[in-house]
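Take a look at the letters that make up each chain.
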Amino acid sequence: MEACSGAHHIGRQVEALGHDVRLIPAQYVKPFLKSHKNDYRDAEAIAEAVQRPTMRFVRIKTPEQMDLLALHRVRSRLVGQRTGVTNQIRGFLIERGITVRQGLMPLRKALPEILSSDSGALSPRMVALIADLAADWRRLDERIATVSADIESLAEQDGSCQRLMTVPGIGPIISSAVVAAIGNGAGFKQGRDFGAW
């Protein structure tokens, strides 16, 4: 099958029936597609690709890996939303001539003083709007902390994550992301393949 969002679940179901399931990355199927994409041509391209002796396959992920990947995707979305909110706050401030040093901490530290200041740079409407954005930022911080704590808890319980965390600079977030993506690493023939991935 072509690897896609539901392929891992279907692969586990079909494996349980005794079949040998192979997931092929979509980019490896594309060269075998003969014309415009449709289900029949996709199936034909997959059947052609699977016969290649050098074809590389995707390992079927366990439900635990899928759960961990989902946590990482949610965390990534929340971090992106937080970045968007803080950039919007910073943009509104700069439009009024108020600059704050780069980074989350300087903005977090300067915001209460900016919002309580009576300099006239910000209208009451802008003060209320930026205060609402700051509240959104706090809620996002709380959600990120909750999801990060879940990820860290799972990493502490996983032996593979523990081994990866012995490498300097690798903590629970990175180790769990790697384990969620590649499992035990058996899908790579050598370390160089993992490095290229």
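Just above, that's the structure.
Residues numbered from 1 in each chain as written. Predicted model: local features only at pLDDT ≥ 70, side-chain atom pairs only at ≥ 80, totals over all residues. Heavy atoms only, no water.

A. Focus on the overall build of the protein. Secondary structure assignment for the protein yields nine helices and zero strands. Each helix and strand of the protein, ordered N terminal to C terminal, gives the series α-α-α-α-α-α-α-α-α. Relative to the compact-globule value of 16 Å for 197 residues, the protein shows a C-alpha radius of gyration of 24 Å, a clear excess of over 25%. Oriented by its inertia axes, the alpha-carbon framework of the protein measures out at about 70 × 45 × 30 Å. Here the protein holds 197 residues, and the buried ones make up 30% of them. Of the contacts formed within the protein by residues at least 6 apart in sequence, a portion of 52% connects residues at least 24 apart. Here the protein displays about 13000 Å² of accessible surface, and carbon together with sulfur accounts for 54% of that area. (Helix = DSSP H or I, 4+ residues; strand = E, 2+ residues; numbered from the N terminus. Rg over C-alpha atoms; globule rule 2.2 N^0.38 Å. Buried < 20%, exposed > 50% of the residue type's maximum accessible area, 1.4 Å probe, protein only. Contact = heavy atoms within 4.5 Å. Areas by Shrake-Rupley, 256 points an atom, 1.4 Å probe, with all protein chains shown as cover.)

B. The arrangement of the layout of surface pockets in detail. Taken as a whole, the largest pocket spans an internal volume of roughly 980 Å³. Among the elements of the structure, helix 2 (26-29), helix 8 (172-182) and helix 9 (191-196) are those that each provide at least two residues to the lining of the largest pocket. (1 Å grid on protein atoms, 1.4 Å probe; cavity = no way out; pocket = protein on both sides within 12 Å on 5 of 7 lines; lining within 4 Å. Points joined across faces, edges and corners; volume = space filled by probe spheres on them.)

C. Examining the nonpolar core more closely. Ile-89, Leu-93, Leu-107, Leu-111, Leu-122 and Ile-130 are the most contacted members of the largest nonpolar core, which has 25 residues in total. Contributing elements (two or more residues each) for this core: helix 4 (63-95), helix 5 (104-116) and helix 6 (124-157). Ignoring sequence-local partners within four residues, the contact set of Ile-130 consists of Ile-89, Phe-92, Leu-93, Leu-111, Leu-115 and Leu-122. In this structure, Ile-24, Ile-46, Ala-49 and Met-55 belong to the second largest nonpolar core, which totals six residues. (Core = buried A, V, L, I, M, F, W, Y, C linked by side-chain atoms within 4.5 Å.)

D. Structural view of the pattern of salt bridges. In this structure the tally under the stated criterion is seven salt bridges. In this structure, the salt-bridge partner of Lys-34 is Glu-44, at a minimum N-O distance of 3.7 Å. Of this pair, Lys-34 sits in the loop between helix 2 and helix 3 (39-50) while Glu-44 sits in helix 3, and the two are ten residues apart along the sequence. Residue Arg-96 pairs with Glu-95 through a salt bridge whose shortest N-O separation is 3.2 Å. Judged by relative accessible area, Arg-96 falls into the partly exposed class, the value being 32%. Members of the salt-bridge network, linked through shared partners, are Arg-82, Arg-108 and Asp-141. (Salt bridge = Lys/Arg side-chain N within 4 Å of Asp/Glu carboxyl O.)

E. Representation of the environment of Ala-47 in the model. Looking at where Ala-47 falls in the secondary structure, it is placed in helix 3. The class of Ala-47 is partly exposed, set by a relative accessible area of 36%.

By themselves these figures say nothing about function.
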